[in-house]
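Below, each chain spelled out in residue letters.
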Protein chains: 4
Amino acid sequence: MRHDLKAIIDDIVADMRAETERGTVASYIPGLASADPNRFGLAVVTAEGEVILGGDAETGFSIQSISKVFTLTLALGKVGNALWDRVGREPSGSAFNSIVQLERENGIPRNPFINAGAIVISDVNLAGHRTGDAIGELINFLRYLTDDGSIVVDPAIAQSEAEHGYRNAALANYMRAFGNLQNPVEPVLASYFNQCAIEMTCHQLARAGRFLMLDGRHPGGGQVVSPARARRINALMLTCGHYDASGDFAFSVGMPGKSGVGGGILAIAPGKASVAVWSPGLNANGNSHLGTRALERLTTETGWSVFSADHN
Amino acid sequence: MRHDLKAIIDDIVADMRAETERGTVASYIPGLASADPNRFGLAVVTAEGEVILGGDAETGFSIQSISKVFTLTLALGKVGNALWDRVGREPSGSAFNSIVQLERENGIPRNPFINAGAIVISDVNLAGHRTGDAIGELINFLRYLTDDGSIVVDPAIAQSEAEHGYRNAALANYMRAFGNLQNPVEPVLASYFNQCAIEMTCHQLARAGRFLMLDGRHPGGGQVVSPARARRINALMLTCGHYDASGDFAFSVGMPGKSGVGGGILAIAPGKASVAVWSPGLNANGNSHLGTRALERLTTETGWSVFSADHN
Amino acid sequence: MRHDLKAIIDDIVADMRAETERGTVASYIPGLASADPNRFGLAVVTAEGEVILGGDAETGFSIQSISKVFTLTLALGKVGNALWDRVGREPSGSAFNSIVQLERENGIPRNPFINAGAIVISDVNLAGHRTGDAIGELINFLRYLTDDGSIVVDPAIAQSEAEHGYRNAALANYMRAFGNLQNPVEPVLASYFNQCAIEMTCHQLARAGRFLMLDGRHPGGGQVVSPARARRINALMLTCGHYDASGDFAFSVGMPGKSGVGGGILAIAPGKASVAVWSPGLNANGNSHLGTRALERLTTETGWSVFSADHN
Amino acid sequence: MRHDLKAIIDDIVADMRAETERGTVASYIPGLASADPNRFGLAVVTAEGEVILGGDAETGFSIQSISKVFTLTLALGKVGNALWDRVGREPSGSAFNSIVQLERENGIPRNPFINAGAIVISDVNLAGHRTGDAIGELINFLRYLTDDGSIVVDPAIAQSEAEHGYRNAALANYMRAFGNLQNPVEPVLASYFNQCAIEMTCHQLARAGRFLMLDGRHPGGGQVVSPARARRINALMLTCGHYDASGDFAFSVGMPGKSGVGGGILAIAPGKASVAVWSPGLNANGNSHLGTRALERLTTETGWSVFSADHN
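Numbering of residues starts from 1 in every chain and runs along the sequence as written. Chain letters and ligand numbers both follow the written order, the letters beginning at A and the numbers at 1. This being a predicted model, a pLDDT of at least 70 is required before a residue's local features are given, and a value of 80 or more before pairs of side-chain atoms are given or counted; all residues contribute to the totals for chains, interfaces and linings.

**Student:** Before we go on, may I ask you to explain the domain arrangement of chain A in this structure?
**Tutor:** Interfaces are often sized by the amount of accessible area the parts lose when they come together. All names here are of chain A. Each assigned domain of chain A is listed here: domain 1 (2-64 + 199-302) and domain 2 (67-198). Each of domain 1 and domain 2 has a C-alpha centre, and these two points are 21 Å apart. Think of it this way: build a C-beta for each residue from its backbone, and any pair within 7 Å is a contact. On the domain 2 side, the residues contacting the 28 residues of domain 1 number 33 residues. Counting from the N terminus, the helices are DSSP H or I runs at least four residues long and the strands are E runs at least two residues long. Elements with a contribution of two residues or more to the side of domain 1 that touches domain 2: α2 (30-33), β6 (198-200), α10 (202-208) and α12 (227-240). The element best represented in the side of domain 1 that touches domain 2 is α12, accounting for six residues. In terms of residue class, the side of domain 1 that touches domain 2 is built from 15 nonpolar, eight polar and five charged. The domain limits used here are those given by an automatic or database domain assignment. Three residue categories are used. Nonpolar comprises Ala, Val, Leu, Ile, Met, Phe, Trp, Tyr, Cys and Pro, charged comprises Asp, Glu, Lys and Arg, and polar comprises the others, including Gly.

**Student:** Sorry if this is basic, but what is going on with the interface of chain D and chain A here?
**Tutor:** Facing 12 residues of chain D, the contacting portion of chain A comprises 12 residues. Broken down by secondary-structure element, the contributors of at least two residues to the side of chain D that touches chain A are α4 (97-104) and α8 (166-177) of chain D. It is α8(D) that provides the largest number of residues to the side of chain D that touches chain A, a total of eight residues. Class assignment for the residues of the side of chain D that touches chain A results in eight nonpolar, one polar and three charged.

**Student:** What should I look at first to understand the packing of helix α3 (residues 67-79) of chain B against helix α5 (residues 115-126) of chain B in this one?
**Tutor:** Axis angle and axis distance: for two packed helices, these are the angle between their axes and the distance between the axes, and together they describe the pair. Residues and elements named next belong to chain B. For helices, the fitted line uses only the C-alpha atoms of the stretch in contact; every axis is such a line through C-alpha atoms, and the angle between N-to-C directions lies from 0 to 180 degrees. Where α3 contacts α5, the two axes come as close as 9 Å, and the packing angle between them is 45 degrees. As judged from the angle between their axes, α3 and α5 are oblique. Of the two possible hands of crossing, α3 and α5 adopt the one that is left-handed. Facing α3, whose interface residues are Lys68, Thr71, Leu72, Leu74, Ala75, Lys78 and Val79, α5 presents Ala118, Ile121, Ser122, Val124 and Asn125. For classification purposes, an angle smaller than 35 degrees is called roughly parallel, one larger than 145 roughly antiparallel, one from 65 to 115 roughly perpendicular, and anything else oblique. Handedness of each helix crossing follows the sense of rotation of the near helix against the far helix: counterclockwise by less than a right angle gives left-handed, clockwise gives right-handed.

**Student:** Looking at this structure, how should I read the sheet that holds strand β4 (residues 61-62) of chain A?
**Tutor:** By way of backbone hydrogen bonds, the strands of a sheet pair with one another, either parallel or antiparallel. Residues and elements named next belong to chain A. Two strands make a pair as long as DSSP finds a minimum of two bridges between them. If you walk across this open sheet you meet the three strands as β4-β6-β5, and the pairing is antiparallel. Since the sheet does not close on itself, it has two edges, and those belong to β4 and β5 (152-153), each with one partner. As defined by bridge partners, β4 adjoins β6 across two bridges and the pair is classed as antiparallel. From the neighbouring strand, Phe61 faces β6, where its bridge partner is Met200.

**Student:** Mind showing me how you'd approach the interface of chain A and chain B here?
**Tutor:** Taken together, the contact between chain A and chain B spans 38 residues of the former and 38 residues of the latter. No other element matches α12(A), which puts eight residues into the side of chain A that touches chain B. Per-class residue counts for the side of chain A that touches chain B are 15 nonpolar, 15 polar and eight charged.

**Student:** In this structure, what is going on with the sheet that holds strand β3 (residues 51-55) of chain A? I would like to understand it.
**Tutor:** All names here are of chain A. Spatial ordering of the open sheet is given by β3-β2-β9-β8-β7, a layout of five strands whose pairing is antiparallel. At either end of the open sheet lies a strand with only one pairing partner, and these are β3 and β7 (257-259). Here the strands of the sheet are splayed against their neighbours by 10 degrees on average, with no regard to which way each runs. Alignment of β7 against strand β8 (residues 264-269), held across three bridges, turns out to be antiparallel. Across the sheet, Lys258 pairs through a bridge with Leu266, a residue of β8.

Shown next as structure tokens:
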């Protein structure tokens with residue numbers, strides 16, 4: 001099936017570009033609201049190192065919550081399984097639960113991919129650093145994963161996030177009240193808002209995800225994380241990567257994935273491919289409308305669902 | 001790695017039998033409370049048809065909630081995707097949410113594997129039947145899946161379930177108040193209590209799960225369900241199969257699975273194996289303590305995690 | 001001010017009869033849905049024994065939840081303060097909380113005036129009785145309080161309540177699961193549905209409430225309850241008597257009161273008057289629209305608010 | 001009964017001073033933790049102007065949440081009933097609900113006496129002011145109500161509140177996210193922390209409450225608020241003044257009251273008396289243990305419960 005991959009991807013890209021129903025662009029900050037809903041990009045890097053790009057695969061966009069995959073990886077490298085004393089590993093049930101759940105569970109966020117969990121992880125990664133250094137470390141990690149030194153934060157987006165970040169400030173203060181932040185609230189939030197504002201292309205993102213399809217191995221040599229840790233990050237992406245639509249994404253697409261409100265999704269077919277897709281229009285659950293549809297098509301036509309027998 | 005499978009399983013069985021920490025047997029009804037915590041069984045049926053049995057793999061036990069996998073399959077066969085108008089596909093967040101969530105979401109259960117969802121599915125499967133006929137249909141389906149005519153309901157367990165079923169009666173009445181049951185409450189509950197009381201062995205259960213590792217195909221020929229439906233049932237088992245420990249099971253084991261309070265777990269390695277394990281002692285989340293540990297060992301040593309690159 | 005009372009009441013009745021905005025009649029059972037929204041009755045019995053009737057004060061209506069005041073009084077007579085081990089004394093926060101709250105608080109209803117609490121009280125009053133005897137005892141108590149032997153249950157309403165009582169059946173089964181019902185669910189619910197179906201007139205209801213304005217004393221002689229108990233029942237009516245609009249009723253009217261979905265309200269001005277009002281149209285909170293407005297007028301013009309200095 | 005008042009109070013004070021079970025002093029900030037649990041003060045000002053002081057009635061303490069009564073009064077004076085678009089009037093159900101409820105109800109706090117509601121009121125009172133001016137206005141109001149120019153903020157307490165105020169910061173940011181704060185979070189919180197740190201004696205507090213027993217009238221002449229507004233503030237104190245023990249306080253004491261975590265309680269007998277009590281040890285609900293008991297005694301022996309017939 002693999003020799004048809006280029007044709008499959010070209011078809012999907014052509015169809016997605018022609019779609020008229022494209023979802024709704026996020027509007028809570030100007031830097032996201034100005035995105036062009038007609039954009040669509042798709043990048044696939046296979047386990048064998050083949051790269052297939054389609055559409056706007058080389059256009060940068062705000063990765064937003066996709067950054068949580070990489071900050072989680074860094075935090076696990078720093079504190080290992082002790083992280084799970086401060087963050088859970090269960091789906092959150094519903095967006096509604098976000099702050100309810102913190103109240104019920106004494107300030108321990110349900111998983112690392114909801115905002116509260118990612119803020120705790122920012123706190124872990126900030127330890128002993130200033131905000132700038134923590135962000136520098138994350139950028140360096142992404143440059144290492146992608147072999148691409150051009151990845152940067154979009155400062156205008158970071159600034160806008162901070163100005164509209166009252167709900168995240170509420171979460172951070174709330175967890176601090178429970179003793180689940182060790183640094184002051186301000187630099188933790190600054191770090192969090194900066195990580196959300198990282199700009200990457202589909203091509204860069206698919207490269208950054210390669211270690212997750214390769215049992216933790218960097219294609220250039222060495223282990224980024226152990227095979228067990230790679231499996232577990234994939235598991236968390238599958239069960240928790242799309243907020244309260246995680247079950248639906250697993251049901252429809254069947255790949256571990258993490259979405260961002262900028263319209264990007266990173267999806268992993270373990271042993272097969274690292275996939276990044278981008279289209280700014282979102283569906284009712286806040287995930288890229290065409291991105292989700294494209295991945296559903298891709299997984300159906302390639303057999304890349306982890307739930308499929310023929311994915312061998 | 002496959003030629004070592006017998007040795008791996010023998011090791012696991014020997015270790016689990018020797019374990020002294022065995023969890024706590026469910027005590028809410030006598031028929032479960034009397035189970036011997038020293039029992040441990042494991043059965044693996046591979047995609048190639050190889051069968052490996054260990055420990056008490058031929059001893060019958062109450063499958064309890066594992067039955068929800070099979071009633072879901074039947075209901076999808078009857079009403080197809082219209083089922084999803086009456087039951088969701090998202091993890092429930094927490095055990096606590098069960099009835100809270102019904103109140104918030106107008107009587108629509110979060111997924112088919114929590115009790116409320118399974119009761120709706122009993123209602124679907126009851127349509128046009130008497131309770132006895134609905135249970136007969138389910139038993140016949142299990143006999144067809146296993147090629148084994150000896151599967152039956154344990155009537156004493158069914159009776160005990162009914163006598164202690166006030167919480168399930170509450171859920172059923174509550175959903176009926178929202179119009180999400182079409183039959184009267186009593187026969188729906190009777191049907192539900194009977195399905196929970198089905199007795200099977202690990203060997204039978206692993207055989208019954210074969211279609212889920214084979215993209216829906218019955219090893220004896222023909223499709224039980226379409227490949228897409230098999231993938232989707234696997235996806236639901238992975239995201240929702242262990243109540244509020246589903247995320248943890250995905251994280252630790254990495255296989256779609258469904259547990260029952262009788263101590264059984266059915267787990268699927270798509271394209272590789274159908275696995276059933278049984279040990280009556282439960283962990284704090286209500287899932288088999290040694291069963292979960294055994295599956296974690298098995299998946300680590302076989303590479304059967306769906307999140308692993310080397311599962312090819 | 002008291003010598004103007006008749007004039008005040010006549011004015012209110014005339015204005016309420018002329019109102020065009022009359023709320024919405026309860027429609028979940030036929031016996032309530034057929035009520036004429038143009039009906040309005042008001043009855044005042046003063047501490048001195050004066051009786052002032054206005055409008056349809058002698059027309060019978062379904063007292064529904066107002067019965068909870070009298071079953072609470074009976075249950076306190078049977079088990080005293082031990083009742084508070086099984087039912088709380090706090091406002092419920094919101095209608096939404098009804099079953100959520102039971103789940104969080106182990107089957108202990110928040111107060112005796114929400115449905116769950118009243119069902120526990122039915123269970124208390126049922127002890128050692130058959131359903132018919134329990135209802136007989138309640139009817140006898142109401143006849144004693146009113147000196148009126150004509151009070152009866154409307155059997156058609158009781159039957160309809162039972163047929164539409166799935167949500168109450170859910171509550172009862174749920175509490176039974178927590179061990180907070182001592183009798184089987186069916187007779188408890190039968191008793192509850194019958195008490196809701198008692199038919200009384202405003203005149204009868206105002207007479208039945210006399211002991212609550214008189215520190216527990218029956219105007220015909222003797223104590224119905226102790227002065228402390230009368231105060232406490234009044235306190236519960238003020239804080240919990242109007243579901244999630246209890247705060248608003250206290251704010252606007254300032255008298256202890258208990259409403260029913262049939263459009264009746266019983267309100268007490270301690271030391272001053274027992275008041276019953278009836279108009280079938282309900283406001284958004286499920287309380288009589290014109291009944292609430294009439295009481296607000298009455299309390300303003302008489303100084304009967306318990307929060308007023310000039311109520312002396 | 002009134003001529004015995006001095007004797008009743010002397011008895012209560014003597015008994016409370018002798019009590020060995022005195023509750024637990026609040027410990028979250030040093031300024032409260034250092035309070036002497038052996039202190040007990042009681043002050044009664046009657047409608048006729050009689051003043052009866054007992055125990056430590058002239059010792060200052062931190063009024064904490066009792067300040068919410070006075071900031072509410074000020075805010076109603078500024079914006080009138082428009083306030084109720086931004087704050088509800090219903091009991092909150094439970095402490096647990098505090099932030100859950102905000103999430104469910106779009107950032108509208110349930111009532112003005114939970115922290116979230118009081119923060120909105122600080123925002124209202126801050127409009128057009130700097131923090132210092134807003135606090136100055138409140139202090140001036142208290143000096144006017146008490147005819148006592150010595151009332152001040154304890155700056156050490158205010159500073160401690162700010163340093164431990166993460167949960168309040170979470171609430172404020174959360175409401176700002178919903179658009180229910182019009183000023184920046186920082187000065188609103190600064191204002192809120194300062195009002196909690198006001199120091200008053202029982203004597204001063206009982207004087208400050210006089211307008212609430214006098215239908216809004218200042219004993220020195222003129223109306224502080226209209227009679228209707230005084231009634232309504234009393235109603236809110238009764239239904240919402242003791243967090244999730246408000247129902248119990250109404251049940252046991254039967255007077256509108258507002259407690260503070262410093263161990264003070266202000267209670268009003270409309271037309272009869274304004275009462276302030278102070279004892280630093282708190283009960284499980286966070287209300288003064290001996291203060292509550294003293295008020296229960298007082299109301300029983302004076303007939304001052306608003307639910308009593310003989311309060312005339």
